[in-house]
Amino acid sequence: MSMLQDEDQYWMEFALREAEQAYLEGEIPVGAVIVQNRRIIGKGHNQREKLRDPTAHAEIMAITAAAATLNSWRLNDCILYVTLEPCPMCAGAILNARIPRIVFGCYDFKAGMCGSIENLCDQNLLNHRAVVKGGVAEQSCQALLDDFFRQTRLKNEESL
């Protein structure tokens with residue numbers, strides 16, 4: 001494994017901890033951290049149910065926290081680590097925040113906009129681009145999501 005792969009794996013573990021927190025809160029288990037100079041400056045996990053906010057995705061929460069830490073909306077020397085491939089809204093927020101690199105865990109073939117359906121982060125049409133790397137700690141990220149949805153289905157069946 002290269003040094004960069006090791007580092008990506010290392011930081012993804014922190015994103016996974018955020019995803020586990022979401023799971024414990026009954027949220028879809030997606031977590032994100034933003035790293036600058038080998039330090040986490042923003043973290044977040046899904047909180048849509050808790051906040052009753054459709055924009056409360058892990059990436060948005062982490063971007064907001066990082067921007068507050070830096071006192072700037074420009075996160076142009078940061079890396080975003082997230083357990084699930086970003087959706088269109090989050091890909092747009094990543095580009096607007098000027099984050100140059102995205103590392104994600106598992107692919108999202110229903111809503112993923114960093115390579116699965118389309119890659120919004122690498123379009124000539126936009127004023128900013130981001131390098132994307134997917135599949136880091138993919139099995140761990142996918143297992144957490146699969147378990148969450150399996151438990152949700154069981155609870156739904158029991159309530160019938």
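First things first, this report covers the structure right here in the doc. (Residues numbered from 1 in each chain as written. Predicted model: local features only at pLDDT ≥ 70, side-chain atom pairs only at ≥ 80, totals over all residues. Heavy atoms only, no water.)

1. Concerning the side chain of Glu 85
Here's step 1: Mapped onto the fold, Glu 85 is located in the loop between strand 3 (79-84) and helix 4 (88-96).
Here's step 2: The side chain of Glu 85 is buried and forms no salt bridge, while Lys 110, the nearest opposite charge, is found at 13 Å.
Here's step 3: The residues touching Glu 85, leaving out its near neighbours within four places in the chain, are Phe 104, Cys 106, Tyr 107, Asp 108, Gly 112, Met 113, Cys 114, Gly 115 and Ser 116. (Helix = DSSP H or I, 4+ residues; strand = E, 2+ residues; numbered from the N terminus. Buried < 20%, exposed > 50% of the residue type's maximum accessible area, 1.4 Å probe, protein only. Lys, Arg positive; Asp, Glu negative; His and termini not counted. Salt bridge = Lys/Arg side-chain N within 4 Å of Asp/Glu carboxyl O. Contact = heavy atoms within 4.5 Å.)

2. Details of the pattern of salt bridges
Here's step 1: Considering all chains together, one arrives at five salt bridges under this definition.
Here's step 2: Note that Glu 7 is salt-bridged to Arg 38, the shortest N-O span being 2.7 Å. One end of the pair, Glu 7, is in helix 1 (residues 3-24); the other, Arg 38, is in the loop between strand 1 (31-36) and strand 2 (39-45), with 31 residues separating them in the sequence.
Here's step 3: Residue Arg 38 is classed as exposed on the basis of its relative accessible area of 57%.

3. Digging into helix 4
In an α-helix, one turn spans 3.6 residues, which is why side chains three or four residues apart end up on the same side.
Here's step 1: Along helix 4, the residues that are buried comprise Cys 90, Ala 91, Ile 94 and Leu 95. Along the axis of helix 4, the buried positions cluster into a sector of 140 degrees, meaning they face one direction only. (Arc of directions from axis to C-beta.)

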